[in-house]
Amino acid sequence: MSLIQELQDRSGNKCELCSATENLKIYEVPPATTGGVDGSVLACAKCLQQIENPDTTDANHWRCLNDSMWSEHRAVQVVAWRMLSRLKSEGWPQDLLDMLYLDDETLAFAKATNEGLDDSEKVIHRDVNGVILESGDSVVLVKDLKVKGSSMVAKQGTAVRNIRLDHENADYIEGKVDGQQIVIITKYVKK
Ligand SMILES: [Zn+2]
């Protein structure tokens, strides 16, 4: 079964956020490393437009989250959490947010894009030069690094493609060196 079919079945062919039935598309909830049905939402064009263009957010449209935030599906919970966080200064979204309990893993996923977080709460990864790193970036090692738990040394100048960020710790990223997934300290890489 294709992803769109799985989502249509799961949702009863409705927007999983506002229940609209037209112009439904797959929304892969960023950072889309999880992907698949567990990391995706079936959403209508109106919801998608606003999710992706914060300037166009119409707070009233998102009163639908009153219902949809109780979805049993993680990706829907995450989008609800992010939109409520974005709108929390309106008052009522903060009230809903206070009721929305997410387990630790889901909360880390929800916070992964820094949506709606205060500056003090944001986990921002920076390379040796202070340049902001994002999931999917390519970096180069700026010194030889011993790989913990093995005899391998990752050489200075090695390119690491498609990095992943540790969303709980701004000092760590992950990436593949010689086919092995390793944890790398951000101050030893350059974008
Ligand atoms: Zn919708």
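Scoring rules and cut-offs
Residues numbered from 1 in each chain as written. Predicted model: local features only at pLDDT ≥ 70, side-chain atom pairs only at ≥ 80, totals over all residues. Heavy atoms only, no water. Axes fitted to C-alpha atoms, helices over the stretch in contact; angles between N-to-C directions. Helix = DSSP H or I, 4+ residues; strand = E, 2+ residues; numbered from the N terminus. Left-handed = near helix turned anticlockwise from the far one by under 90°. Contact = heavy atoms within 4.5 Å. Nonpolar A, V, L, I, M, F, W, Y, C, P; charged D, E, K, R; others polar. Pairing = 2+ DSSP bridges. Donors = N, O, S within 2.8 Å, 3.2 Å for Na, K, Ca; no water. Tetrahedral: all angles 85-135°; square planar, octahedral: opposite > 155°, others 65-115°. pLDDT = per-residue confidence, 0-100. Buried < 20%, exposed > 50% of the residue type's maximum accessible area, 1.4 Å probe, protein only. Domains from an automatic or database assignment. Salt bridge = Lys/Arg side-chain N within 4 Å of Asp/Glu carboxyl O.

1. What to know about the packing of helix α4 (residues 74-86) against helix α5 (residues 92-99)
Inference 1: Where α4 meets α5, the axes come as close as 8 Å, and the angle between the chain directions of the two elements is 145 degrees. For the pair α4 and α5, the sense of crossing is left-handed. Here Trp81, Leu84 and Ser85 of α4 lie close against α5, whose contacting residues are Trp92, Pro93, Leu96 and Leu97.
Inference 2: Looking at the contact of α4 with α5, its residues break down into six nonpolar, one polar and no charged.

2. Brief notes about the sheet that holds strand β7 (residues 164-165)
Inference 1: What the three strands build is an open sheet, ordered β7-β8-β9; its pairing is antiparallel. Every other strand in the sheet has two partners, leaving β7 and β9 (180-185) as the edge strands with one partner each.
Inference 2: Pairing between β7 and strand β8 (residues 172-177): two bridges, direction antiparallel. Residue pairing across strands places arginine 164 opposite glutamate 174, the latter belonging to β8.

3. Digging into the coordination of the zinc ion
Inference 1: Within the protein, the atoms that donate to the zinc ion are Cys15 (SG), Cys18 (SG), Cys44 (SG) and Cys47 (SG), at distances of 2.3 Å.
Inference 2: Bound by four donor atoms, the zinc ion shows angles of 104 to 117 degrees at the metal and therefore tetrahedral coordination geometry.

4. Quick look at the confidence of the model for the chain
Inference 1: For the chain, per-residue confidence averages 92 on the pLDDT scale, and 98% of positions sit at 70 or higher.
Inference 2: Mean pLDDT per element in the chain: β7 is the minimum at 88, and strand β2 (residues 40-44) is the maximum at 97.

5. Brief notes about helix α2 (residues 45-52)
Inference 1: Taken residue by residue, α2 has Cys47, Leu48, Gln50 and Ile51 as its buried positions.
Inference 2: Residues of α2 that are buried sit in contact with β1 (24-28), β2 and α4.

6. Examining the domain arrangement of the chain
Inference 1: Taken domain by domain, the chain comprises domain 1 (3-111) and domain 2 (139-190).
Inference 2: Here the C-alpha centre of domain 2 lies 33 Å away from the C-alpha centre of domain 1.

7. Details of the pattern of salt bridges
Inference 1: Tallying each qualifying case throughout the model produces five salt bridges.
Inference 2: A salt bridge links arginine 10 to glutamate 16; its shortest N-O distance comes to 2.9 Å.
Inference 3: By relative accessible area, arginine 10 is classed as partly exposed at 22%.
Inference 4: Under the relative-accessibility criterion, glutamate 16 is labelled buried at 10%.

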